[in-house]
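This is what each chain is made of:
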Amino acid sequence: MPPAPAAAPHVSAFHHRDTGTWTYLVADPATRAAAIVDPVLDFDPRSGRTGLDSVAPLLERAAADGLRIDWLLETHAHADHLSAAHALRERLRAADGRAPRLAIGRRIGEVRRVFAPLFGLSDEEPAQQPAAFDHLFDDEEAFAVGALPARAIPVPGHTQDSLAYLIGDALFAGDSLFMPDSGTARCDFPGGDAAMLYQSIQRLYLLPEATRVFVCHDYGKDGREPACETTIGAQKQGNLHVRADTDEAGFVALREARDRTLAVPALILPSLQVNLRGGALPEPEANGVRYLKLPLDQL
């Protein structure tokens, strides 16, 4: 007999236009349990102001649908936006006395060790910091969103700590795969590796072709509207950088050539300082003001 089809979560997508990021509200229709994937904190680098306006529609949808947020899932330590996960956890805790678990891959410790000297951070593991993460996923670790089976799939290459989350029949690919016409994410950050990303994508291509794929970023290539959902089959057939028949050497050559043309992300310095802490902002100094550091001549 053919295997039973995977359970289908209800997925609501929210686009953060300033950074091209997609945030997802993933719900189990049977139990009303839910997870939020890659929430974005509003941040104006000109004024230094932060806010949660962009996640307000997500919270309104969760309340309207009677959802209980059990997980805040980060696919990796993003370099192009600040995470709202910490702020959401504390807001939800204040609202009903319980907080969702904030989680990321265990290799966040490796990323932190690379960047901690740049920002003068302590060398403690993220799990030892009360403001950081509640759970660090091991490779291929199984978990659940309500009654939906879920799995944390390692997809290093863009960054060392990158994970994709398979929740029922829905894959949240992080920056391993973009929409097919946009290819894949860069691999030139410290710890990134194009050959490693190729192998990670091959792991994803073993999933059933009907698996829904939700991307972390889309910028509306060639003027089309930003999109977020595709399938494993569509990726294997038409991904700009890595189809089913693309060999590793060809992908690595293409990806590395492309990466040499890319500028440093505009928000990499503020993003990493916040995202290595699970989205927590630095503690206020004696004057009550929080500060982000701007290391000079380092990137």
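Cut-offs and rules
Within every chain, residues take consecutive numbers counted from 1 along the sequence as written. Confidence filtering applies because this is a predicted model: local features only for residues at pLDDT of at least 70, side-chain atom pairs given and counted only at 80 or more, and all residues used for totals across whole chains, interfaces and linings. For side-chain calculations, the full set of non-hydrogen atoms in the structure is used, while hydrogens and water are omitted. A run of H or I in DSSP becomes a helix once it reaches four residues, and a run of E becomes a strand once it reaches two; helices and strands are each numbered from the N terminus. Every radius of gyration here is taken over C-alpha atoms, with the globule rule written as 2.2 Å times N^0.38, N being the number of residues. Burial classification: accessible surface area is computed with a 1.4 Å probe over protein chains only, and a residue below 20% of its type maximum counts as buried, one above 50% as exposed, and the rest as partly exposed. His is not counted, nor are the chain ends; Lys and Arg add positive charge and Asp and Glu add negative charge. Lysine's charge is taken at NZ, arginine's at CZ, aspartate's at CG and glutamate's at CD. Grid points spaced at 1 Å and placed over the protein atoms alone form the basis of the search, with a cavity being a set where a 1.4 Å probe fits but cannot get out and a pocket an open set showing protein on both sides within 12 Å along at least five of seven lines. Lining residues have an atom within 4 Å of a point. Grid points are joined across faces, edges and corners, and a volume is the space filled by probe spheres set on the points. Note on residue categories: nonpolar means Ala, Val, Leu, Ile, Met, Phe, Trp, Tyr, Cys or Pro, charged means Asp, Glu, Lys or Arg, and polar means any other residue, Gly included. By this rule, a helix spans an expected 1.5 Å times one less than how many residues it contains. Arc, as used here, means the arc of the directions from the helix axis to the C-beta atoms. Contacts between residues were defined by any pair of non-hydrogen atoms, one from each residue, lying within 4.5 Å. Here a polar contact is recorded for every N or O atom pair within 3.5 Å, except that within protein the pair must consist of a potential hydrogen donor and a potential acceptor, and residues adjacent in sequence are included only if both atoms are side-chain atoms. Any Phe, Tyr or Trp ring, taking Trp's six-membered ring, that has another such ring centre within 6.5 Å forms a pair; planes under 30 degrees apart are called stacked, those over 60 apart edge-to-face, and the others tilted. A fitted line through C-alpha atoms represents every axis, and for helices the fit uses only the stretch in contact; the resulting angles, taken between N-to-C directions, go from 0 to 180 degrees. Helix crossings fall into two classes, left-handed where the near helix is turned counterclockwise from the far one by less than a right angle and right-handed where it is turned clockwise. In the sections that follow, a salt bridge refers to a side-chain nitrogen of Lys or Arg positioned within 4 Å of a carboxyl oxygen of Asp or Glu.

Caption draft 1: Region of the structure containing the overall build of the chain. In terms of regular secondary structure, the chain is built from seven helices and 15 strands. Its C-alpha atoms give the chain a radius of gyration of 19 Å, near enough to 19 Å, the size a compact globule of 299 residues would have. Here the chain, with 299 residues, has 53% of them falling under the buried criterion. Averaging the locations of the 29 positively and 41 negatively charged side chains of the chain gives two centres separated by 2 Å.

Caption draft 2: Inspection of empty space enclosed by the protein at higher detail. Under the counting rule described, the total for this entry stands at two cavities of 30 Å³ or more. Taken as a whole, the largest cavity encloses approximately 110 Å³ of empty space. Forming the boundary of the largest cavity are 13 residues, of which Val111, Phe115, Thr159, Phe189 and Pro190 lie nearest the centre. Mapped onto the lining of the largest cavity, the elements with two or more residues apiece are helix H3 (108-119) and helix H7 (268-275). Sorting elements by how many residues they give to the lining of the largest cavity places H3 first, with three residues. Here the lining of the largest cavity is built from residues that sort into nine nonpolar, four polar and no charged. When its volume is computed, the second largest cavity comes out at roughly 30 Å³. For the lining of the second largest cavity, the residue count by class is three nonpolar, six polar and one charged.

Caption draft 3: Fine view of H3. Over its twelve residues, H3 extends 16 Å from the first C-alpha to the last, a length consistent with the 16 Å expected when each residue adds 1.5 Å. All of the buried residues in H3 are Ile108, Gly109, Val111, Arg112, Phe115, Ala116 and Phe119. Taken around the axis of H3, the buried residues stretch over an arc of 140 degrees, which confines them to a single face. Looking at the buried side of H3, the elements it contacts are strand S8 (101-105), strand S9 (135-137) and H7. Just downstream of H3 lies Gly120, where phi reads positive at about 65 degrees.

Caption draft 4: Fine view of the environment of Asp175. Within the element layout of this structure, Asp175 appears in the loop between strand S13 (170-172) and helix H4 (194-204). Sequence-wise, Asp175 and Leu163 are twelve residues apart; in three dimensions their C-alpha atoms are separated by 8.9 Å. Ignoring any residue separated from it by four or fewer positions in sequence, one finds Asp175 in contact with His76, His158, Ala185, Cys216 and His217. Polar contacts involving the side chain of Asp175 include one to the side chain of His76, which spans 3.2 Å.

Caption draft 5: Structural detail: the packing of aromatic side chains. This model, assessed by the stated rule, comprises nine aromatic pairs. Aromatic pair Tyr24 and Phe214: ring centres 5.4 Å apart, planes at 65 degrees, arrangement edge-to-face. A residue pair is termed long-range when its members are at least 10 positions apart, and Tyr24 in strand S2 (residues 21-27) and Phe214 in strand S14 (residues 212-214) qualify at 190 residues. Here the two residues Tyr24 and Phe214 agree in accessibility, since each one is buried. An angle of 40 degrees between the planes, with centres 4.6 Å apart, marks the rings of Phe137 and Phe143 as tilted. According to the relative accessible area criterion, Phe137 is buried, its value standing at 1%.

Caption draft 6: Summary view of the environment of His15. Mapping His15 onto the fold places it in strand S1 (residues 10-16). Note on His15: relative accessible area 26%, which makes it partly exposed. Residues His15 and Thr230 lie 215 residues apart in sequence; the distance between their C-alpha atoms is 16 Å. In this structure the side chain of His15 is engaged in a polar contact, spanning 3.3 Å, whose partner is the backbone oxygen of Asp218.

Caption draft 7: Layout of the side chain of Thr184. Here Thr184 is to be found in the loop between S13 and H4. Thr184 has contacts with Ser176, Leu177, Phe178, Leu197, Ile201, Asn239, His241, Val242, Phe251 and Arg255, leaving out every residue within four places of it along the chain.

Caption draft 8: Summary view of the packing of H3 against H7. The interhelical angle for the contact between H3 and H7, taken along N-to-C directions, is 115 degrees, at an axis separation of 11 Å. Crossing of H3 over H7 shows left-handed handedness. Note on element contacts: H7 touches H3 through Leu269, Leu272 and Gln273, opposite Phe115, Leu118 and Phe119. Here the contact of H3 with H7 is built from residues that sort into five nonpolar, one polar and no charged.

Caption draft 9: Highlighting the pattern of salt bridges. Within the structure shown, the criterion is met by 17 salt bridges. With a shortest N-O distance of 2.8 Å, Asp70 and Arg68 are connected by a salt bridge. Under the relative-accessibility criterion, Asp70 is labelled buried at 15%. As a salt-bridge pair, Lys236 and Glu209 come within 3.3 Å of each other at their nearest N and O atoms. Remark: Glu209 occurs in the loop between H4 and S14 and Lys236 occurs in helix H5 (residues 232-238); sequence separation between them is 27 residues. The partly exposed category is assigned to Glu209, whose relative accessible area is 47%. Through salt bridges with shared partners, one network takes in Arg89, Glu90, Arg93 and Asp134.

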